[in-house]
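Structural features, examined
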Number of protein chains: 2
Amino acid sequence: MRIIVDAMGGDHAPLAPLEGAVRAVRELGVTVVLCGDEQKITAVAKEHGYSMEGIEILHAEDVITMHDAPTEIVKSKEGCSMAVGLKALREGKGDAFVSAGNSGALLVGATMLTRRIKGITRAAMAPVLPTANGHAILMDAGANVECRPEMLMQFAMMGSVYMEKVMGVKEPKVGLINNGSEECKGRELEQETYQLLKASDLHFYGNIEAREVPSGNCQVLVTDGFTGNIVLKLYEGLGSFFAKKMKAMFTGIGKLGALFIMKKLRAFKDSMDYKKVGGAVLLGIAYPVIKGHGSSDGGAMFHAIRQAKTCVDGKIVETITEALAAQKLRSKQKSEA
Amino acid sequence: MRIIVDAMGGDHAPLAPLEGAVRAVRELGVTVVLCGDEQKITAVAKEHGYSMEGIEILHAEDVITMHDAPTEIVKSKEGCSMAVGLKALREGKGDAFVSAGNSGALLVGATMLTRRIKGITRAAMAPVLPTANGHAILMDAGANVECRPEMLMQFAMMGSVYMEKVMGVKEPKVGLINNGSEECKGRELEQETYQLLKASDLHFYGNIEAREVPSGNCQVLVTDGFTGNIVLKLYEGLGSFFAKKMKAMFTGIGKLGALFIMKKLRAFKDSMDYKKVGGAVLLGIAYPVIKGHGSSDGGAMFHAIRQAKTCVDGKIVETITEALAAQKLRSKQKSEA
């Protein structure tokens, strides 16, 4: 298996992507194609004494930064490592793509250069949140600020496939994030989506209030990209806020006790950190594309690459394609009946 | 001062409202008008040996339950304690109203029976959230699922008045909850509201990402009622989720240590409990109206009554009215200039 990795994306590039690649080659037995400035990559490898065995370099002149407008990836920055990597993916030079670079650019690039799965209206940026009894995928967490019911319906289907094939959850429950549990709740978007999900053969839980999200009653959380972004970032913000608050509460209790508790608090903070679960997956693209967090270190990059491998192993793109075909068939039969 | 209290609203009525009233008379020196079934109220008072000194009863035959549709308060349930209390408020028989009953019914009732402040398009349900360095009012937390920019602009103004007059925050900062900090971020609603707030004489902080909400950088959080409801309930849900998680982490560390930590955890959970801050205020109504949490006990009801008194003392309705007039004047001058 060949995983293409953007060697220039993220705060710690190219070192972090390189370290992730080295570990992935060793532990996962994959070939990694590092996309970026060949001179810089080899220099960093030499400097840190990393062997390039199992690693290929796909040279790219340019880099797209966090300050570049996303659309620049198909304009002035078409020669950047992210664009070159996504084109290589499209051309079958790899099985999946991983980048810790500009999220917006990755979404535009994946959509325009790699393309979506035929029949998918919009790709979703989908992080996995920790819950009381496991994990839940959030569809969409910011890729599509405005959504239509059909889009949310596809998000629900793709999220279910991901949780089943990649996270190993049998019959994942789909919850529609809403401002109340009753069927009549929400805006037109939620009310119409509710009916679509109810009529689908997904495991629809019904509306889920934000209060219930951490409970883990649903493994697929469906909402528009604006609301999803609020949920994701409040999860993140409250996690560190609570950790700080607890830390303050436990100060002045003696060195040993403090040490013990700080260790617990760190563990707690890590368990709440959605970055540790791996990157966010771009669901709906014709190949697995993983967005690593901008602050990813070598370890985080390794986890993102492993996540990409699990997507390939789990055949998520193929399964989504089949599910779409089955959906089409059912609605065709319904309309004929 | 006379505070009208719905004696039949909430899970523990009429005992909790009665206990809140008794304590309010004693500690705040207010007169409380208990609205509800006279026989039941006096029976409970006698049973628990509470003196009715400083407490008047305004008899109401009926009760609106959590299962009644909100609009029933102006239809089949127009004789319920909530409706009778709100009409009495409108007729000047009291200075403020407190209820722990059906939120939707309270919103409809306050709007139709007590009426809004002249010039206010919509009333907002506004709870106060704990933050790292104090509190922030959330406008709107669910009263208005769909909003227009002018509504959010009024929410920002009313929230600023509340934080200044009731919470004693000088020059409260107004943040527009959005999916990014840049001016261009969000939906049409956020983009247009941003320009209104920028042009206003409020202390506009700019867009605030959900991640930043707990930081306390803003004391007035502006958003539509759908998004606000997500923020409020995720705050609540994650609070108890984290407390449970921490509890699990600290089990099996010996009885004494456990006791110590559980005490800390309870304190933490309480500090995160927005109910403890008092009820949610219905801003935009011609009199102060406080919504106590359905699960309110006597203590929570007392806090809600105290909050109502602070709203009257702080003259929030008068201040909002003046602010509206000033706003009108400014825009008139602008249009003439």
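The coordinates are above.
Residues numbered from 1 in each chain as written. Chains lettered and ligands numbered in written order. Predicted model: local features only at pLDDT ≥ 70, side-chain atom pairs only at ≥ 80, totals over all residues. Heavy atoms only, no water.

What follows deals with the overall build of chain A. Summing up its helical and strand segments, chain A has 10 helices and 12 strands in all. For 337 residues, the compact-globule estimate of 2.2 N^0.38 gives 20 Å, and chain A sits close to it at 21 Å. Principal axes of the C-alpha set define a box for chain A whose edges measure 65 × 60 × 35 Å. Split into buried and exposed, the 337 residues of chain A put 54% on the buried side. Sequence separation of 24 or more characterises 71% of the internal contacts of chain A that already satisfy a separation of 6 or more. Carbon and sulfur atoms form 52% of the exposed surface of chain A, whose accessible area is close to 13900 Å². In chain A, the 41 positive side-chain charges and the 38 negative ones have mean positions that sit 4 Å from each other. (Helix = DSSP H or I, 4+ residues; strand = E, 2+ residues; numbered from the N terminus. Rg over C-alpha atoms; globule rule 2.2 N^0.38 Å. Buried < 20%, exposed > 50% of the residue type's maximum accessible area, 1.4 Å probe, protein only. Contact = heavy atoms within 4.5 Å. Areas by Shrake-Rupley, 256 points an atom, 1.4 Å probe, with all protein chains shown as cover. Lys, Arg positive; Asp, Glu negative; His and termini not counted. Charge placed at Lys NZ, Arg CZ, Asp CG, Glu CD.)

This part takes up the layout of surface pockets. When its volume is computed, the second largest pocket comes out at roughly 1200 Å³. Surrounding the second largest pocket, 39 residues form its lining, Lys-185 of chain A together with Ser-103, Gly-104, Asn-229 and Lys-233 of chain B being those nearest its centre. Going through the elements one at a time, α4 (103–114) and α7 (225–249) of chain B are the ones with two or more residues in the lining of the second largest pocket. Here the residues of the lining of the second largest pocket sort into 13 nonpolar, 17 polar and 9 charged. (1 Å grid on protein atoms, 1.4 Å probe; cavity = no way out; pocket = protein on both sides within 12 Å on 5 of 7 lines; lining within 4 Å. Points joined across faces, edges and corners; volume = space filled by probe spheres on them. Nonpolar A, V, L, I, M, F, W, Y, C, P; charged D, E, K, R; others polar.)

Once that is clear, we can look at a positive patch on the surface. All names here are of chain A. A surface patch of positive charge is lined by Lys-244, Lys-247, Arg-266 and Lys-269. Along the chain, Lys-244 turns up in helix α7 (residues 225–249). Overall, the relative accessible area of 61% leaves Lys-244 in the exposed class. (Patch = residues over 30% accessible without salt bridge, like charges linked within 9 Å, V, L, I, M, F, W, Y side chains within 5 Å. Salt bridge = Lys/Arg side-chain N within 4 Å of Asp/Glu carboxyl O.)

Purely spatial values, then, with no claim about function.
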